[in-house]
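Coordinate inspection notes
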Amino acid sequence: MKKTLLNVLAFMLAVPTFAQQYEGAKFRKIDSLLTYLYDSHKFMGSIAIEEKGKVVFEKAYGFSNVETHTQANTKTKYKIGSVTKMFTSAIVFQLIEEKKLKPDTKLSEFFPKIKNADKITIAEMLGHKSGLYNYTDDPAFESYKTKLQNRRDMLSRIESYPAAFEPGEKAEYSNTNYLLLGYIIQDVTKKSYKDNVTSRIINKAGLKNTYYYSKINLKKNEASSYSFGNGKWIPTEEWHESVAGAAGALQSTPSDLTKFIKALFDGKIIKKESLDEMTAIDMGYGKGIFAYPFIERKFFGHNGGIESFKSVLGYYPKDDLGFSLLMNGENYNTNDIVLGILSCYYKLPYIFPNFKTANVSEDILKRYEGFYTTPSLPFKVDIKLVNGTLIAHATDQGSFPLNPLSETEFNFDPAGITITFNPKGFTLRQADGSATKFTKEQ
């Protein structure tokens, strides 16, 4: 449920991709990437890509439960964490459309004991501008997150917190906003949050595998989550659903989520005016939705994390493209995985990450220290050993670490660079096939 705001990239590597001769090749490359990440113990999970309302690629990788060696499939359900907030926001906009709430309705109408409740509006809560302290940042959260918490317990804690900032002063992500919005939905409709999600979103969008989570049930094809350590996937303790609520307590499948976001943007859940308000970005946030760039494209969606589950949902309106990646095991940066997927999809330059490394003694590494030059370039490359790592720095350029692949071969994976040392210098190779020889100054 902690926010890990997705910033999918403005940086692209200048490396040619493999020739794509027909449409299915990009999906094979995505499959190859995710298979490679799974085989390298970097990822377990499931993906769906939907074009114009049709799922064109979906596949699961790894286990839904490692202990029982249960293979995941495309119907396996994963906890989606803060992607739940998109559902909650849509319900609030429905209530605004029904004139049961207003954007400027004050929090004090429901919970007057909360700090600044008489100043905080529903709109500010939706856009993370309320100043409500994020309850999952409280150190005490670790002591109760796995146990049943009734509404009174949660409200008592929230009422005790000081304001993080004055309402409207800035925007700062807080799960408290959406936990309280879930309670407000209950009070306004006289129905549970679970019933509201079912009737107002799940049924309207025709979702088949989305629901409020409870204790993980393997017989229902629900995934457990894992961290990675000591060469193996380690199970993560479950959170009780009552501590997540409308901020993060749903579980789903990738294809259900792409169907949901398609329905949202098609006007099947809220009106266009509401969607325009939801997707208007102010101080970095929409109202229950993020906007994040990929090259010149702007995707809308959300990401989330709960236990060791990670989730990403995105939609690019111009292409009518939706994608969802749900993970129950992650040992590699989520943003980088999404970068790879979208780069492969759009046939952009992308090289697979290299996870190979070798142990090289410091005596050998120290031999490579010095300045290196080449007649074809107007700068020197300075290589130094810093805390056991070779660092390369080119004049007027940035510094970057060199990962050892052997005693003589090193790479900097993000830029697709490989350096091979020899007694007189080194050869720098780039992924486009070019090679440049540098000589070490004596």
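Residues numbered from 1 in each chain as written. Predicted model: local features only at pLDDT ≥ 70, side-chain atom pairs only at ≥ 80, totals over all residues. Heavy atoms only, no water.

Ranked by internal contacts, the top residues of the largest apolar core, which has 69 residues, are Phe 87, Leu 107, Met 125, Leu 180, Leu 264 and Ile 269. For this core, the element with the most residues is helix α2 (residues 84-97), which contributes eight residues. In this structure Met 125 touches Leu 107, Ile 120, Ser 130, Leu 132, Asn 177, Tyr 178, Leu 180, Leu 181 and Ile 184, once residues within four positions along its chain are discounted. Val 312, Phe 323, Ile 337 and Tyr 345 belong to the second largest nonpolar core, which has 28 residues in total. (Core = buried A, V, L, I, M, F, W, Y, C linked by side-chain atoms within 4.5 Å. Buried < 20%, exposed > 50% of the residue type's maximum accessible area, 1.4 Å probe, protein only. Helix = DSSP H or I, 4+ residues; strand = E, 2+ residues; numbered from the N terminus. Contact = heavy atoms within 4.5 Å.)

Right, let's get into the sheet that holds strand β14 (residues 370-373). Within a sheet, adjacent strands bond to each other through the backbone by hydrogen bonds, running parallel or antiparallel. Strand order in the closed barrel made by the eight strands is β14-β15-β16-β17-β18-β19-β20-β21, with antiparallel pairing throughout. Here the strands of the sheet are splayed against their neighbours by 30° on average, with no regard to which way each runs. As judged from the six bridges shared by strand β19 (residues 417-422) and strand β20 (residues 425-430), these two strands associate in the antiparallel manner. In the sheet register, Thr 418 faces β20, and the bridge partner there is Arg 429. (Pairing = 2+ DSSP bridges. Axes fitted to C-alpha atoms, helices over the stretch in contact; angles between N-to-C directions.)

Here we come to the pattern of salt bridges. Within this structure, the stated rule accounts for 22 salt bridges. Notably, a salt bridge pairs Lys 79 with Glu 307, separated by 2.6 Å at the nearest N-O pair. One end of the pair, Lys 79, is in strand β5 (residues 78-79); the other, Glu 307, is in the loop between β11 (297-306) and β12 (309-316), and 228 residues separate them in sequence. Each member of the pair, Lys 79 as well as Glu 307, carries the same accessibility label: buried. (Salt bridge = Lys/Arg side-chain N within 4 Å of Asp/Glu carboxyl O.)

This part takes up the pairing of β14. A regular strand places its side chains so that they alternate between the two faces of the sheet. Of the pairings in the sheet, the one linking β14 to strand β15 (residues 381-386) comprises three bridges and is antiparallel in character. Counted as the bridge partner of Tyr 372 is Val 381 from β15. Taken together, the two bridges between β14 and strand β21 (residues 435-440) define a ladder with antiparallel strand orientation. Each bridged residue has a counterpart across the sheet, and for Thr 373 the counterpart in β21 is Thr 439.

Attention now moves to the confidence of the model for the protein chain. Per-residue confidence for the protein chain gives a mean pLDDT of 93; residues scoring 70 or more make up 95%. Note that pLDDT drops below 50 for residues 3-22; the model gives that stretch 48 contacts with residues more than four away or on any other chain. (pLDDT = per-residue confidence, 0-100.)

Okay, the packing of helix α6 (residues 175-189) against helix α7 (residues 193-205) next. One can describe the packing of α6 onto α7 by two numbers: an axis separation of 9 Å at closest approach and a directional angle of 80°. One way to sum up the angle between α6 and α7 is to call them roughly perpendicular. Contact residues: Gly 182, Ile 185, Gln 186 and Thr 189 in α6; Tyr 193, Asn 196 and Arg 200 in α7. Along the lines of polarity and charge, the residues of the contact of α6 with α7 split into two nonpolar, four polar and one charged. (Parallel < 35°, antiparallel > 145°, perpendicular 65-115°, else oblique. Nonpolar A, V, L, I, M, F, W, Y, C, P; charged D, E, K, R; others polar.)

Below, the discussion takes up the environment of Gly 245. The residue Gly 245 is located in the loop between β8 (232-235) and β9 (250-252) in this model. With a relative accessible area of 8%, Gly 245 lands in the buried category. Each C-alpha atom of the pair Gly 245 and Tyr 183 lies 8.7 Å from the other, and the pair is 62 residues apart in sequence. Not counting residues up to four positions away in its chain, the partners in contact with Gly 245 are Thr 84, Leu 179 and Tyr 212.

With that settled, consider the packing of α2 against helix α9 (residues 272-279). Where α2 contacts α9, the two axes come as close as 10 Å, and the packing angle between them is 135°. Between α2 and α9, the angle is such that the two are oblique. Seen along the crossing, α2 lies across α9 with a hand that is right-handed. Residues Met 86, Ser 89, Ala 90, Phe 93 and Glu 97 of α2 touch α9, and the partners they reach there are Ser 274, Glu 277 and Met 278. (Left-handed = near helix turned anticlockwise from the far one by under 90°.)

For the rest of this paragraph, the subject is the sheet that holds strand β6 (residues 211-212). Here three strands make up an open sheet; going across it, the order is β5-β9-β6 and the pairing antiparallel. The open sheet has two free edges, formed respectively by β5 and β6, since each of these has just one partner strand. Pairing between β5 and β9: two bridges, direction antiparallel. Bridged to Tyr 78 within β9 is Ser 252.

Side chains Ile 417, Ile 419 and Phe 421 of β19 all project onto a buried face; the interleaved residues Thr 418, Thr 420 and Asn 422 project onto a face where none is buried. Bridge analysis of strand β18 (residues 409-412) against β19 gives four bridges, and the strand direction is antiparallel. In the sheet register, Phe 410 faces β19, and the bridge partner there is Ile 419. Between β18 and the antiparallel strand that follows it, β19, lie four residues; Gly 416 among them carries a positive phi value of about 65°. Where β19 folds back onto β20 in an antiparallel hairpin, the turn is made up of two residues.

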